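Residue strings, one per chain:
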Amino acid sequence: MPANQIEIILSRQLADSLSIPVFLTDTEGNLLFYNEPAEELLGKRFEETGKMPVSEWSTIFKPIDESGKPMPPEELPLVKTLTFHEPAHGTFWIESLTGEKANISVTAYPIIGRPDRFLGAVAIFWKNKT
Amino acid sequence: MIVTIWGSRGSLPSPSPENSLYGGNTACVQVSQGDTLLVLDAGSGIRRLGDDFPPGITKVDILLTHLHLDHIMGLGFFMPLYLPDMTVNIWGPTSTKESLDTRLKRYLSPPLFPIRLQDLPCQPHVFEINHSEFEIGPFKIKSAYVCHPGPTLGYRIENGRSVVTYLPDHEPALGSSNFPNEPDWTSGYDLAQGADLLLHDAQFAKEEYLPRVGWGHSSVNDALKFAKLAEVKKMLLFHHDPSHSDAKLRTLLKGETERQRFPFEVGIAAEGDVLELS
């Protein structure tokens, strides 16, 4: 397997160092990494889930909108960022793999390396007080 | 392919009697085959290459890893730049905003230097590269950004039989939580994998590295770990700290090789070294 590019390597290192939940994907949306705070929110260790395609992670955590309806993947901030290569933000509910519901805000941004190479995306999660 | 070291010092030229064995000139390495001559970085060592320039060569390609001063300070003192009939191509990293040409002109213009880049008799051609693959003569060259502050490239040069990898300023341990155990999460791995010769940053002793994490350089210990991960055949420690004497460099390497055996040949890059690869 080819090594990841330096921008992705350093993004993972930053995520690994933070105490806020962070997701990291490649350009296709394949989940490359999520950090320990994200593991707590999602209910599963990254070592257990491993790398996941977008079709899997976008449904596995059961995102639900404010009215209680399941959210289609294209409505998720991280999927919007992957599609349009632009930052995106949203607030919704998720049900973790342990069945716990949480209201979260997500800010996603594209990783664009020198010179204008789209390399992937990062999503930062905030668990809202409800 | 013949690899000649013209400068292996890092950061600052450091001529002194204590450094006479490994040399005090900053980064410059010549890679030659037939009439093709590549120059890796234009540190102060490039001046001697210019003085000893092989007769009959009419084209030279200078591949810059980055624009920190120790890697470009010799450029204006490279004799072939003053030959109108010499073709000089300068390759270097793309930045986010300013062109390579503009950034080079910051140095090659008054008040830092009396002669402007555009006034050099050879009229050099400047090419920007990033994650690139290209050919010069018999060489296939791959460049990629590596872990070092500012846009910095590493190079992998192949001639169909041998591979030399040049990572003079590189801190792979910074970008890895589990260094050196994950090749796909290690900066520079693809460039170095299986190389016949690796020239790699080894600026610091282990205890010197700890207060300098993030400065973009490696300890000797980390450099050796990286070489082992990449399964290179031979490695030369490069970018020696200006304060490290010949004796200190030998002590650092001896300390590592006494602690463990490495499955590759390891040495200290010295000015004047000539290595012949098939």
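Up top is the structure.
Since this is a predicted model, take the numbers as computed values, not measurements.

Undergrad: Describe the packing of aromatic side chains, naming the residues involved and giving the relevant values.
TA: The tally for this structure, following the rule as stated, stands at 12 aromatic pairs over all chains. Ring centres of Phe77 of chain B and Phe113 of chain B lie 5.5 Å apart, and the angle between their planes is 80°; on these two criteria the pair is classed as edge-to-face. Of the two residues, Phe77 of chain B sits in the loop between helix H2 (69-72) and strand E5 (87-93) while Phe113 of chain B sits in the loop between helix H3 (100-107) and strand E6 (125-129), which places them 36 residues apart along the sequence. Under the relative-accessibility criterion, Phe77 of chain B is labelled partly exposed at 46%. When the ring of Tyr166 of chain B is compared with that of Phe238 of chain B, the centres are 5.7 Å apart and the planes differ by 80°; the resulting orientation is edge-to-face. A residue pair is termed long-range when its members are at least 10 positions apart, and Tyr166 of chain B in strand E10 (residues 163-167) and Phe238 of chain B in strand E12 (residues 234-238) qualify at 72 residues. A single burial state applies to Tyr166 of chain B and to Phe238 of chain B, both of which are buried. An aromatic cluster is present here, built from Phe23, Phe33, Tyr34, Phe46, Trp57 and Phe125 of chain A joined pairwise through their rings. Just above the ring of Phe33 of chain A sits the side chain of Arg12 of chain A; from NZ or CZ to the centre is 5.5 Å. Note that Arg12 of chain A overlies the ring of Trp185 of chain B, its terminal NZ or CZ placed 4.2 Å from the centroid.

Undergrad: Got a sec to walk through the state of the cysteines? Specific residues and values, please.
TA: All names here are of chain B. Scanning all chains against the criterion turns up 0 disulfides over all chains. Considering cysteine sulfurs only, Cys28 is the nearest to Cys122, which forms no disulfide, with 15 Å between them. Assessed through its relative accessible area of 6%, Cys122 is described here as buried.

Undergrad: Hey, could you go over the environment of Ser162 of chain B for me, with residue numbers and the actual values?
TA: Residue and element names in this part refer to chain B. Here Ser162 lies in the loop between strand E9 (153-158) and E10. Given a relative accessible area of 3%, Ser162 falls into the buried group. Leave out the neighbours within four places in its chain, and Ser162 touches Met1, Ile157, Asp196, Leu277 and Ser278. One polar contact links the side chain of Ser162 to the main-chain carbonyl oxygen of Ser278, over a distance of 2.7 Å.

Undergrad: Tell me what's going on with the interface of chain B and chain A, and back it up with residues and numbers.
TA: Counting from both sides, the interface comprises 22 residues of chain B and, opposite them, 19 residues of chain A. For the pairing of chain B and chain A, the buried interface totals around 1700 Å² over both sides, and the portion due to carbon and sulfur atoms is 57%. Looking only at chain B, the three residues that lose the most surface to chain A are Tyr145, Asp184 and Trp185 of chain B, adding up to 40% of its buried area. Residues Lys51 of chain A and Asp184 of chain B are paired through a salt bridge, measuring 3.8 Å at the closest nitrogen-oxygen approach. Summed over the shared surface of chain B and chain A, the result is 6 residue pairs in polar contact (both at pLDDT 80 or more). Residues that form the side of chain B that touches chain A fall into these classes: 8 nonpolar, 11 polar and 3 charged.

Undergrad: Explain the pairing of strand E5 (residues 101-113) of chain A residue by residue, including any values.
TA: Residues and elements named next belong to chain A. Where strand E4 (residues 88-95) and E5 come together, 8 bridges link them in antiparallel fashion. Note on E5: the bridge partner recorded for Glu95 is Lys101. In textbook terms, the turn of a hairpin is the stretch between consecutive antiparallel strands, and for E4 and E5 this stretch comprises 5 residues, one of which, Gly99, has a positive phi near 90°. The pairing of E5 with strand E6 (residues 117-127) spans 10 bridges and is classified as antiparallel. Residue pairing in the sheet places Gly113 in a bridge with Arg117 of E6. What sits between the antiparallel neighbours E5 and E6 is a turn of 3 residues, in which Asp116 has the positive phi angle 60°.

Definitions and limits used
- Residues numbered from 1 in each chain as written.
- Chains lettered and ligands numbered in written order.
- Predicted model: local features only at pLDDT ≥ 70, side-chain atom pairs only at ≥ 80, totals over all residues.
- Heavy atoms only, no water.
- Phe/Tyr/Trp six-rings, centres within 6.5 Å; stacked < 30°, edge-to-face > 60°.
- Helix = DSSP H or I, 4+ residues; strand = E, 2+ residues; numbered from the N terminus.
- Buried < 20%, exposed > 50% of the residue type's maximum accessible area, 1.4 Å probe, protein only.
- Lys NZ or Arg CZ within 6 Å of the ring centre and 35° of its normal.
- Disulfide = S-S within 2.5 Å.
- Contact = heavy atoms within 4.5 Å.
- Polar contact = N/O pair within 3.5 Å; in protein donor to acceptor, adjacent residues only side chain to side chain.
- Buried area = accessible area lost by both parts, 1.4 Å probe.
- Salt bridge = Lys/Arg side-chain N within 4 Å of Asp/Glu carboxyl O.
- Nonpolar A, V, L, I, M, F, W, Y, C, P; charged D, E, K, R; others polar.
- Pairing = 2+ DSSP bridges.

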